Amino acid sequence: MFDGWDAVGLARAQFAFTMAFHIVFPAFSIGLASYLAVLEALWLWTGREVFINLFNYWLKIFAVGFGMGVVSGIVISYQLGTNWSAYSDKTGPIVGPLMAYEVLTAFFLEAGFLGVMLFGLERVGHKLHFLATSMVAVGTLFSAFWILSANSWMQTPAGYAVNADGQFVPADWLKIIFNPSFPYRFVHMVLAAYLTTALVVGAVGAFHLMRDRHLPGPRVMFSMAMWMATLVAPIQIVAGDQHGLDTLAHQPVKIMGMEGHFQSYQDGAPLYLFGLPDQAAGEVKYAIEVPKLGSLILMHSLDAPMAGLDTVPRENWPPVPIIFWSFRIMVGLGFLMLGLGLFSLWMRWRGSLYENRLLLLFAMAMGPAGFVAVLAGWFTTEVGRQPFTVYGLLRTIDSASPLAAPAVGSSLIAFVIVYFIVYAAGLTYLFRLMAQPPHHGEQGPGGEAPFRAAGITPAAGVAVRGSA
């Protein structure tokens with residue numbers, strides 16, 4: 001069926017497909033774990049029942065999302081060994097330990113405290129339970145730390161040497177971990193996770209407020225979500241700008257592709273707002289541009305010269321149309337998030353935060369925007385690194401396993417079928433949970449579960465020997 005197909009292209013498609021399904025769940029889990037810690041802290045501090053009701057409500061959603069993220073992440077590890085064995089061999093001495101550090105920190109924290117967090121609210125002291133919730137939240141941040149450190153090293157490799165077998169080996173672990181792009185990418189991703197969660201929480205709150213604007217739980221969650229959008233969206237825009245400047249310094253070809261700069265500009269580059277990049281022709285057709293604004297944003301000077309892709313061999317060009325549009329989708333959604341935050345601030349000032357129908361509809365429409373922005377940003381980052389897996393050092397074509405196209409293609413089809421079935425079921429269950437508002441006496445996961453496992457006590461109606 002796949003005879004004559006490109007095996008490397010199929011392997012890339014498989015990795016992109018599975019990663020696209022996976023990445024949205026860790027982004028949601030990072031933000032939601034911190035939100036749960038805040039809710040429990042507010043409950044312990046104020047004693048207000050609404051906070052513990054919201055905690056139990058979102059804890060059930062967190063449990064499902066966290067489980068889906070863990071399961072989908074395991075698949076990624078297997079693919080590195082099956083489809084990308086050459087990459088694993090070359091980068092294993094560096095990437096392998098970074099992944100092990102994630103297990104030793106993030107996974108141990110999450111595994112050690114997740115059970116207490118999910119089922120221990122009434123079984124351990126409240127302060128101990130809050131500690132467990134906080135440790136799970138810290139664990140998700142540790143996970144992001146190590147994953148982004150490894151991925152950032154692939155973008156901006158540092159602190160390495162190459163041994164006689166052609167493997168990248170560590171020379172300076174601090175330079176490897178804190179490579180040039182890591183601080184910017186870590187901040188950018190964590191803020192994206194918080195915004196993603198805030199938009200979901202805000203959308204769910206708006207959905208229930210559209211039905212009944214006096215429900216205490218949706219009012220509190222909607223207010224908290226809008227505060228997060230108001231405060232974090234502008235910070236994210238600034239962080240994204242700094243990340244872009246760092247990318248220009250270390251991955252200029254990626255920036256050229258994102259901006260659609262096929263030609264060099266000696267006296268100021270334009271900012272292409274929209275257009276159709278034609279990679280074969282080396283131009284952006286039907287371009288809508290603002291003259292010299294590109295140089296002002298990237299170089300802080302209207303007349304600063306900007307190099308274009310005409311200075312780079314064509315075999316080193318990234319797929320320009322993909323990153324040109326994914327970057328614009330991410331940035332456009334970022335400004336919509338800022339607009340939502342400012343609109344909510346205005347309505348809050350006017351005393352109409354919960355009554356303005358347009359704001360509630362806007363918040364509902366923006367519910368999935370965080371996930372789309374995360375995916376668009378990931379596509380920009382990873383596709384923009386092509387044709388390399390380790391930027392400038394290891395080509396993608398040299399990273400793949402020596403597999404035939406039918407083998408890769410058949411596994412890709414299997415993943416597509418299984419993922420759509422499993423994830424459709426999981427998302428349906430999540431939507432069912434979100435469709436019900438938090439209520440008085442909200443129970444967390446397993447809130448009505450028996451204290452004893454089945455089989456410990458005699459079943460009802462069965463006489464115990466010797467009791468007669």
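The following paragraphs examine the structure supplied in this document.

**Re the overall build of the chain**
Item 1. Helix and strand counts for the chain stand at 13 helices and six strands.
Item 2. Over its C-alpha atoms the chain spans a radius of gyration of 25 Å, differing by no more than 12% from the 23 Å that the globule rule assigns to 468 residues.
Item 3. Its C-alpha atoms put the chain at 90 × 60 × 45 Å along the principal axes.
Item 4. Residue burial in the chain is summarised as follows: out of 468 residues, 49% are buried.
Item 5. Taking the intrachain contacts of the chain between residues at least 6 apart in sequence as the baseline, contacts between residues at least 24 apart amount to 77%.
Item 6. Element-wise, carbon and sulfur atoms account for 69% of the exposed surface of the chain, whose accessible area totals about 21,900 Å².
Item 7. Considering the chain, the positive charge centre built from 24 side chains and the negative charge centre built from 26 side chains are found 11 Å apart.

**A closer look at the pairing of strand 4 (residues 283–290)**
Item 1. Sheet topology note: the strand 3 (residues 271–278)/strand 4 ladder contains six bridges and is antiparallel. Bridged to Asp278 within strand 4 is Glu283.
Item 2. In this structure, the hairpin formed by strand 3 and strand 4 is closed by a connection of four residues, where Gly282 is found at a positive phi of approximately 70°.

**Some words on a nonpolar patch on the surface**
Item 1. Taken together, Leu273, Phe274, Leu276, Tyr286, Ile288 and Trp325 make up a surface patch of nonpolar side chains, about 630 Å² in accessible area.
Item 2. Looking at the nonpolar patch, the elements with two or more residues in it are strand 3 and strand 4.
Item 3. Broken down by element, the nonpolar patch gets its largest block of residues, three residues, from strand 3.
Item 4. Mapping Trp325 onto the fold places it in helix 10 (residues 320–350).
Item 5. Looking at Trp325, the relative accessible area reads 31%, which means it is partly exposed.

**Considering the pattern of salt bridges**
Item 1. Overall, the coordinates contain three salt bridges when judged by the stated rule.
Item 2. Two residues, Asp278 and Lys285, come together in a salt bridge whose shortest N-O distance is 3.0 Å.
Item 3. Of the charged contacts, one joins Arg385 and Glu382 as a salt bridge, the two residues approaching to 2.9 Å between their closest N and O atoms. For the pair formed by Arg385 and Glu382, the shared burial category is buried.

**So, the packing of helix 1 (residues 7–46) against helix 12 (residues 369–384)**
Item 1. Two elements in contact, helix 1 and helix 12, have axes whose closest approach is 10 Å; the angle formed by their N-to-C orientations is 130°. For the element pair helix 1 / helix 12, the angle class is oblique. Crossing geometry of helix 1 relative to helix 12 is assigned as right-handed. For the pair helix 1 and helix 12, contact is made by Ala16, Met19, Ala20, Ile23, Val24, Ala27 and Phe28 and by Phe371, Val374, Leu375 and Trp378, respectively.
Item 2. Among the residues making up the contact of helix 1 with helix 12, the classes are represented as 11 nonpolar, no polar and no charged.

Rules behind the numbers
- Residues numbered from 1 in each chain as written.
- Predicted model: local features only at pLDDT ≥ 70, side-chain atom pairs only at ≥ 80, totals over all residues.
- Heavy atoms only, no water.
- Helix = DSSP H or I, 4+ residues; strand = E, 2+ residues; numbered from the N terminus.
- Rg over C-alpha atoms; globule rule 2.2 N^0.38 Å.
- Buried < 20%, exposed > 50% of the residue type's maximum accessible area, 1.4 Å probe, protein only.
- Contact = heavy atoms within 4.5 Å.
- Areas by Shrake-Rupley, 256 points an atom, 1.4 Å probe, with all protein chains shown as cover.
- Lys, Arg positive; Asp, Glu negative; His and termini not counted.
- Charge placed at Lys NZ, Arg CZ, Asp CG, Glu CD.
- Pairing = 2+ DSSP bridges.
- Patch = residues over 30% accessible without salt bridge, like charges linked within 9 Å, V, L, I, M, F, W, Y side chains within 5 Å.
- Salt bridge = Lys/Arg side-chain N within 4 Å of Asp/Glu carboxyl O.
- Axes fitted to C-alpha atoms, helices over the stretch in contact; angles between N-to-C directions.
- Parallel < 35°, antiparallel > 145°, perpendicular 65-115°, else oblique.
- Left-handed = near helix turned anticlockwise from the far one by under 90°.
- Nonpolar A, V, L, I, M, F, W, Y, C, P; charged D, E, K, R; others polar.

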